[in-house]
Amino acid sequence: MQQTSNLPIGVFDSGMGGLTVLSALHSSLPQENFIYLGDTARLPYGTKTRETVIKYAEQAASALVARGIKALVVACNTASGIALPALQKRFAPLPVYGVVEPGAIAAVHAASTQAIGTSVVVLATESTISSGAYQKAIIKLAPQIRIFGRACPLWVTLAEMGNRDANLTRDILAHDIRGFLQKGSCVFLLGCTHFPVFSQALTEISTTVSVVDSAATTAGVVAEKLKTLGLLTDNLLSDAKHGQTRYLATDGAARFKQVGGQFLKCALNEVELVDL
Ligand code: DGL
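Residues numbered from 1 in each chain as written. Predicted model: local features only at pLDDT ≥ 70, side-chain atom pairs only at ≥ 80, totals over all residues. Heavy atoms only, no water.

Any details on the sheet that holds strand 5 (residues 119–124)? Residues and values, ideally.
The sheet built from four strands is open, its strands ordered 6-5-7-8 with parallel pairing. Each edge of the sheet is formed by a strand with only one pairing partner; in this case those strands are strand 6 (147–151) and strand 8 (210–213). Here the strands of the sheet are splayed against their neighbours by 25 degrees on average, with no regard to which way each runs. Alignment of strand 5 against strand 6, held across five bridges, turns out to be parallel. Pairing of Ala124 across the sheet is with Ala151, part of strand 6. (Pairing = 2+ DSSP bridges. Helix = DSSP H or I, 4+ residues; strand = E, 2+ residues; numbered from the N terminus. Axes fitted to C-alpha atoms, helices over the stretch in contact; angles between N-to-C directions.)

Can you lay out the sheet that holds strand 9 (residues 245–249) for me, pointing to particular residues and giving the numbers?
Read from one edge of the open sheet, six strands run 4-3-1-2-9-10, paired in parallel fashion. A strand with exactly one partner marks an edge of an open sheet, and here the two such strands are strand 4 (96–97) and strand 10 (271–273). Strands in contact with helix 2 (residues 50–66) are strand 1 (9–13), strand 2 (34–38), strand 3 (71–74) and strand 9; relative to strand 1, the strand with the most contacts, it is inclined by about 150 degrees. (Contact = heavy atoms within 4.5 Å.)

Outline the packing of aromatic side chains, supporting the account with residue identities and numerical values.
Scanning the entire structure with this criterion turns up five aromatic pairs. Ring centres of Trp155 and Phe198 lie 6.0 Å apart, and the angle between their planes is 80 degrees; this geometry places the pair in the edge-to-face category. Of this pair, Trp155 sits in helix 7 (residues 153–160) while Phe198 sits in the loop between strand 7 (186–190) and helix 9 (199–205), placing them 43 residues apart in sequence. As far as burial versus exposure is concerned, Trp155 and Phe198 are alike and both buried. Each residue in the set Trp155, Phe195 and Phe198 is aromatic and connected to the rest through ring pairs, giving one cluster. Positioned above the aromatic ring of Tyr56 is the side chain of Arg42, whose terminal nitrogen or guanidinium carbon lies 3.8 Å from the ring centre. (Phe/Tyr/Trp six-rings, centres within 6.5 Å; stacked < 30°, edge-to-face > 60°. Buried < 20%, exposed > 50% of the residue type's maximum accessible area, 1.4 Å probe, protein only. Lys NZ or Arg CZ within 6 Å of the ring centre and 35° of its normal.)

Which residues make up the environment of Glu160, and what values go with them?
Relative to the helices and strands, Glu160 resides in helix 7. On the accessibility criterion, Glu160 (8% relative accessible area) is buried. Sequence-wise, Glu160 and Arg255 are 95 residues apart; in three dimensions their C-alpha atoms are separated by 9.3 Å. Residues in contact with Glu160, not counting those within four places in the same chain, are Gly15, Met16, Gly17, Thr40, Leu43, His194, Arg255, Val259 and Phe263. Reaching out from Glu160, the side chain makes a polar contact with the backbone nitrogen of Met16 at a distance of 2.7 Å. (Polar contact = N/O pair within 3.5 Å; in protein donor to acceptor, adjacent residues only side chain to side chain.)

Now, about the site of the ligand: what can you tell me, with residues and values included?
Taken together, 13 residues lie near the ligand, and Ser14, Tyr45, Asn77, Thr78 and His194 sit nearest. Between the ligand and the protein, one listed contact pairs an oxygen atom with a side-chain N or O atom of Ser14 at 2.6 Å. At 2.8 Å from a nitrogen atom of the ligand is found a side-chain nitrogen or oxygen belonging to His194. Relative to its unbound accessible surface of 290 Å², the ligand loses 99% to contact with the protein. A per-class count over the shell around the ligand returns five nonpolar, seven polar and one charged. (Near = heavy atom within 4 Å. Areas by Shrake-Rupley, 256 points an atom, 1.4 Å probe, with all protein chains shown as cover. Nonpolar A, V, L, I, M, F, W, Y, C, P; charged D, E, K, R; others polar.)

Got a sec to walk through the nonpolar core? Specific residues and values, please.
Among the nonpolar cores identified, the biggest contains 53 residues, and Val11, Leu19, Leu25, Leu123 and Trp155 are the most heavily contacted of them. Not counting the four nearest positions on each side in its chain, Leu19 is found in contact with Tyr36, Tyr247, Phe256, Gly260, Phe263, Leu264 and Leu268. Counting residues in each nonpolar core, the second largest holds 25 residues, with Phe12, Ala61, Ala63 and Leu94 among its members. (Core = buried A, V, L, I, M, F, W, Y, C linked by side-chain atoms within 4.5 Å.)

Would you mind going over unusual backbone geometry in detail, with residue names and values included?
Note the cis peptide between Leu43 and Pro44, where omega equals 0 degrees. Looking at the secondary structure, you find Pro44 in the loop between strand 2 and helix 2. Cis rather than trans, the peptide bond between Ala92 and Pro93 has omega equal to 5 degrees. With respect to the helices and strands, the residue Pro93 is situated in the loop between helix 3 (77–91) and strand 4.

Describe the pattern of salt bridges, naming the residues involved and giving the relevant values.
Across all of its chains, the model carries seven salt bridges by this definition. Asp39 is the partner of Arg42 in a salt bridge, and the nearest nitrogen-oxygen pair spans 2.8 Å. Asp176 serves as the salt-bridge partner of Arg150, at 2.9 Å between the closest nitrogen and oxygen. Of the two residues, Arg150 sits in strand 6 while Asp176 sits in helix 8 (residues 167–177), which places them 26 residues apart along the sequence. (Salt bridge = Lys/Arg side-chain N within 4 Å of Asp/Glu carboxyl O.)

Okay, here's the thing in structure tokens:
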């Protein structure tokens, strides 16, 4: 029987967005194996009700748990903000990590390096904004920070379509952030894992704002916690070996493989179609 620490780490999102988190996990934990699931058949999660997000998140997590994983990373802000406690309870003692707290840490850190009074603008899905998850996580860390929230539901579709550089995409991004550009110094927190593909476009639209996301901080938290739990793979002992990643999607495997590289920043190998 395979030792728990040598099992893969499960990662899921509603679609390809979570690949931005997977990319950071690959950098922080190069020897680990991963299984990534994109629930593309049911995307977007960000416009669904709380009950539906919890149900979909539990089904996605179950599919990964059934394949044998040692930890789960919820690489979706919508599912993290709404379903994380339910997932942690249902799959205990499996360690389950979300992206909202790490995202809040990244934003508060970025704001602390800017002018006093810098505010944080959370750009996320409708469900993430209305859940108040980021607002709560940021206030816990820095009660004095002014926080604004903006739901940007169209961005998820634009990102999944691979339209990150089209003029129409830039017009939509500019339209959605316009109201915040006059508010003085601010940090844009990309509170949706699909949005980092627009980081460059956003900094071109406004050269004065700083843009952060939760990917690197999440990967750092996961690496640290797995180390503490003694769950890092033995492959760490042989520095020549790099881990493998298996990709699963609930629809459009060919498209996932083709567009996914924009999120992962490298080509994906085969994508298997699965049913939840
Ligand atoms: N990538 C997901 C997130 O981080 C949501 C996209 C969706 O609406 O499904 O919130």
